[in-house]
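Coordinates in review
Residue strings, one per chain:
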Amino acid sequence: MKRYECVKGFSIDRCDGDGFTVEEGGVLIELGGIWVDQEEDYRLVGGEVRLEIEDESLWIEIPSDMILVFFKEVTI
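Now for a look at the structure at hand.

Rules used throughout
- Residue numbers restart at each chain and count upward from 1, following the sequence in its written direction.
- Two thresholds apply to this predicted model, a pLDDT of at least 70 for residue-level local features and 80 or more for giving and counting side-chain atom pairs, whereas whole-chain, interface and lining totals are computed over all residues.
- Hydrogens are left out, water is left out, and the side-chain values use all remaining heavy atoms of the structure.
- The helix count covers DSSP runs of H or I at least four residues long, the strand count covers runs of E at least two residues long, and both are numbered beginning at the N terminus.
- The globule rule used here is 2.2 Å times the number of residues to the 0.38 power, and the radius of gyration it is set against is calculated over C-alpha atoms.
- The buried label goes to any residue with under 20% of its type's maximum accessible area, the exposed label to any with over 50%, and the partly exposed label to all in between, with areas taken from a 1.4 Å probe on protein chains only.
- When charges are counted, neither His nor the chain ends are considered; positive counts come from Lys and Arg and negative counts from Asp and Glu.
- Throughout, a charge is located at the NZ atom of Lys, the CZ atom of Arg, the CG atom of Asp or the CD atom of Glu.
- Definition used for salt bridges: Asp or Glu carboxyl oxygen within 4 Å of a side-chain nitrogen of Lys or Arg.

1. A short note on the overall build of the protein chain
Each helix and strand in the protein chain was counted, giving one helix and seven strands. For the protein chain, the succession of helices and strands along the chain, N to C, is β-β-β-β-β-β-α-β. Rg of the C-alpha trace for the protein chain: 12 Å, near the compact-globule value of 11 Å for 76 residues, within the 12% margin. Principal-axis analysis of the C-alpha atoms places the extent of the protein chain at approximately 35 × 25 × 25 Å. Taken over 76 residues, the protein chain has a buried fraction of 34%. With 7 positive and 19 negative side-chain charges, the protein chain shows a separation of 6 Å between the mean positions of the two kinds.

Here is the structure:
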């Protein structure tokens, strides 16, 4: 399991439980948030990396190159 801190905030489309984009808008990924990569193979919307915020209230799936731009690995 790896942990990442968001070092550059960004927004991402919101998806429903079936993986379809929700038209009502996106989600703001805030600077400083700690995200966990469980390193499991399960993906809902086809991203290469699945991250969950530590309190598990939100998850995202992103391309692996976004990790290098928006996150840094941390040890806690």
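2. Thoughts on the pattern of salt bridges
In this structure the tally under the stated criterion is three salt bridges. Between E61 and R50 there is a salt bridge, and its shortest N-O distance comes to 3.1 Å. Here R50 lies in strand β5 (residues 49-53) and E61 lies in strand β6 (residues 59-62), a separation of eleven residues in the sequence. In terms of burial, E61 and R50 fall into one category: buried. The network of salt bridges with common partners includes R50, E52 and E61.

Worth remembering: the numbers are spatial, not functional.
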